Amino acid sequence: MSAGKEALLYEHLDGGRVRCNLCAHRCLIVEGAKGVCLVRENRGGTLYTLVYGIPLSQAVDPVEKKPLFHFYPGSTAFSIATVGCNFRCSFCQNATISQMPRDQGKIVGHQAMPEEVVRTAVRYGSRSIAYTYSEPTIFFEYSYEIARLAHEAGIASVYVTNGYMTPEMLELFRGARNGHEPWLHAANVDLKAFRDETYRKVCGARLQPVLDSLKKMKELGIWVEVTTLVVPGMNDSEGELCQIAQFIGEDLGPETPWHVSRFHPDYKMRDRGPTPTTTLREAYELGRAAGLHYVYVGNLPGARLEDTYCPACGERVIGRWGFQVTDYHIQDGACFNCGAAIDGVGM
C-alpha cells in the first residue's frame, strides 16, 4: 500500500475529524478512518490519498472505447486507473478494479509517477489521457497532476466517471478556482438511472448530485457525453428512458451525445440476462424523438447504431465498427455534404 499523499479538497474539523469535499458524499472522517471510497484516510487530522502514483491498469485505447465519439475521433487515449470507487454498484462491469478495496481490503498497483505517465502517453502518440476503468474522482490528486503535465505536453485529459464529484473539484480542475488554464477537457458520465431510489439501493449514492455535475460540466465548457447502461428490470422502462433523454436535451443540450449500452450479467447482478436488442433500439428511437442529435447503441456489434449522422441533412458523416472509425466525412468540423456544423472537439 502507498504511504499516501496529503489530499486536496478537505477541511479540518474539531476533535481531529476532517470533511472530505472531493465527492458528493462529503464524508465526515474521524481519526484513523477512511471515507466511503476506502482510499482516503484521516491520519492525525490530515486527510491522505492512498492511491497516488500507484495505478493498477494502463492501456492504449481508441478514444471511442471510453466511449467518446465526438472528441478527436479516431485518436487514441492512454488509459489509466487506480483501484477504488465511491459507488458500490451491484452491476459493476469492472468490479475487480473498482471494488478491490471494499471486497478484498487491498490497495495494489505499480508505481508510476505523473511524469512517467505523460512520457508514456507521448511515446505512444496518444492525443489524450483517459482516467477510467474505476472512478477517477477518487484518485483526483493523481489525475490532477498528470493533467497539468499533459497540458504542458499538448495532451488532453478526459474523465470516464459516475459524475459524483463536487462543484469545487470541477472548478479546481478547470482553473476556475486558481486561474490556470483548463486541464480537464472532456468527460463521459454514466447516468445510471433517473430514479433516486435506484441510485440509493443499487449504487449507494443519490441521483441529484450526478445531474448537478453534468450541468456544471457544461457550464464550465467541458465536452460531455452521457452513457446509460440499460439494465433489464432496473432502468429500461419507456418512461425512465424518456426522462433521461429529455434531461439531456433540455438541461445539457441536444448536441450532447447519448450512448445507450447493453448490459451483461456481472459482479453481484447475475439474476437477469443481457439487454434485449429491441429495448436498445427503442432507447435509440426515444432519444432521437426527444430531439437529441447524436444517439448511439453500444455493446451491440453489427447493428450499425454507432454511426454519426449530420443533424441537418441526415447523411452519415462517421462510420464505425465497434471502436474503429471506418469512414469519415467531416471537413473543418462540418458535414462534407451540406456544410452544417458537427458538434464536438477536434472533429
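Look a little higher up for the structure.
Residues numbered from 1 in each chain as written. Predicted model: local features only at pLDDT ≥ 70, side-chain atom pairs only at ≥ 80, totals over all residues. Heavy atoms only, no water.

Colleague: Where do I start with the layout of surface pockets in this structure?
Modeller: Gaps left between atoms show up when a probe the size of a water molecule is rolled over them. Of the volumes computed, that of the largest pocket is approximately 930 Å³. Lining the largest pocket are 34 residues; nearest its centre among them are Lys66, Gln93, Asn94, Val160 and Asp190. Of all the secondary structure elements, the ones that give two or more residues to the lining of the largest pocket are β10 (156-161), β11 (186-190), β12 (223-230) and β13 (258-262). Per-element accounting of the lining of the largest pocket gives the leading share, three residues, to β12. (1 Å grid on protein atoms, 1.4 Å probe; cavity = no way out; pocket = protein on both sides within 12 Å on 5 of 7 lines; lining within 4 Å. Points joined across faces, edges and corners; volume = space filled by probe spheres on them. Helix = DSSP H or I, 4+ residues; strand = E, 2+ residues; numbered from the N terminus.)

Colleague: How do you make sense of empty space enclosed by the protein when you look at a structure like this?
Modeller: In the structure shown here, the tally under the stated rule is three cavities of 30 Å³ or more. Taken as a whole, the largest cavity spans an internal volume of roughly 90 Å³. If you go around the largest cavity, you meet 13 residues; those closest to its centre are Cys20, Cys23, Cys27, Cys37 and Arg40. Each residue belonging to the lining of the largest cavity can be placed in one class, and the counts come to seven nonpolar, four polar and two charged. Of the volumes computed, that of the second largest cavity is approximately 70 Å³. (Nonpolar A, V, L, I, M, F, W, Y, C, P; charged D, E, K, R; others polar.)

Colleague: Explanation requested: the packing of aromatic side chains in the structure shown.
Modeller: Any pair of aromatic rings gets described here by the distance separating the centres and the angle formed by the planes. Tallied over the full model, the rule gives 15 aromatic pairs. Measuring from centroid to centroid gives 5.1 Å for Phe87 and Tyr164, while their planes differ by 70°, and the two rings are edge-to-face. Of this pair, Phe87 sits in the loop between β8 (76-81) and α1 (95-98) while Tyr164 sits in the loop between β10 and α5 (167-173), placing them 77 residues apart in sequence. Exposure remark for Tyr164: the relative accessible area of 1% places this residue in the buried category. The interplanar angle of 55° and the centroid separation of 5.0 Å between the aromatic rings of Tyr144 and Trp183 together place this pair among those described as tilted. (Phe/Tyr/Trp six-rings, centres within 6.5 Å; stacked < 30°, edge-to-face > 60°. Buried < 20%, exposed > 50% of the residue type's maximum accessible area, 1.4 Å probe, protein only.)

Colleague: Looking at this model, I keep getting lost on the environment of Gln331. Mind explaining?
Modeller: You can see Gln331 is positioned in strand β18 (residues 330-331). Since its relative accessible area comes to 48%, Gln331 is described here as partly exposed. Each C-alpha atom, one on Gln331 and one on Ile318, is 11 Å from the other, the two residues being 13 residues apart in sequence.

Colleague: Can you walk me through the pattern of salt bridges in this structure?
Modeller: Enumeration according to the criterion identifies 23 salt bridges in this entry. Linking Arg26 and Glu168 is a salt bridge whose minimum nitrogen-to-oxygen distance equals 2.8 Å. Remark: Glu168 occurs in helix α5 and Arg26 occurs in the loop between β3 (18-20) and β4 (28-29); sequence separation between them is 142 residues. Two residues, Asp251 and Lys215, come together in a salt bridge whose shortest N-O distance is 3.9 Å. Of the two residues, Asp251 sits in helix α8 (residues 238-252) while Lys215 sits in helix α7 (residues 208-220), which places them 36 residues apart along the sequence. Taking relative accessible area as the criterion, Asp251 reaches 38% and is therefore assigned partly exposed. Classification of Lys215 as partly exposed rests on a relative accessible area of 32%. (Salt bridge = Lys/Arg side-chain N within 4 Å of Asp/Glu carboxyl O.)

Colleague: Help me understand the sheet that holds β10 in this model?
Modeller: What links the strands of a sheet is backbone hydrogen bonding, and the strands pair in either a parallel or an antiparallel sense. With respect to topology, eight strands assemble into an open sheet ordered β7-β8-β9-β10-β11-β12-β13-β14, the strand pairing being mixed. The sheet terminates laterally at β7 (57-62) and β14 (295-298), the two strands that pair on one side only. Between one strand axis and the next, the sheet turns by 20° as a mean value, whatever way the strands run. Here helix α3 (residues 114-123) sits on the sheet and contacts β7, β8 and β9 (128-131); the angle it forms with β8, its principal contact strand, is near 155°. With respect to the sheet, α7 is in contact with β10, β11 and β12, its orientation differing from that of β11 by roughly 160°. (Pairing = 2+ DSSP bridges. Axes fitted to C-alpha atoms, helices over the stretch in contact; angles between N-to-C directions. Contact = heavy atoms within 4.5 Å.)

Colleague: It is not clear to me how unusual backbone geometry should be interpreted in this structure. Could you clarify?
Modeller: A negative phi angle characterises most non-glycine residues, just as the trans form characterises most peptide bonds. Residue Pro67 follows Lys66 across a cis peptide bond; omega there is -10°. Residue placement: Pro67 occurs in the loop between β7 and β8. Backbone geometry at Leu9 places phi at a positive 60°, although glycine is not the residue there. Locating Leu9 in the fold gives a position in the loop between β1 (5-6) and β2 (10-12).

Colleague: What is the right way to read helix α6 (residues 196-203) from this model?
Modeller: Because each turn of an α-helix spans 3.6 residues, side chains separated by three or four positions in sequence point in the same direction. Within α6 the residues assigned to the buried category are Thr198, Tyr199, Val202 and Cys203. Looking down the long axis of α6, one finds its buried residues gathered within 100° of arc, a one-sided arrangement. Of the surrounding secondary structure, the elements contacted by the buried residues of α6 are β11 and α7. (Arc of directions from axis to C-beta.)

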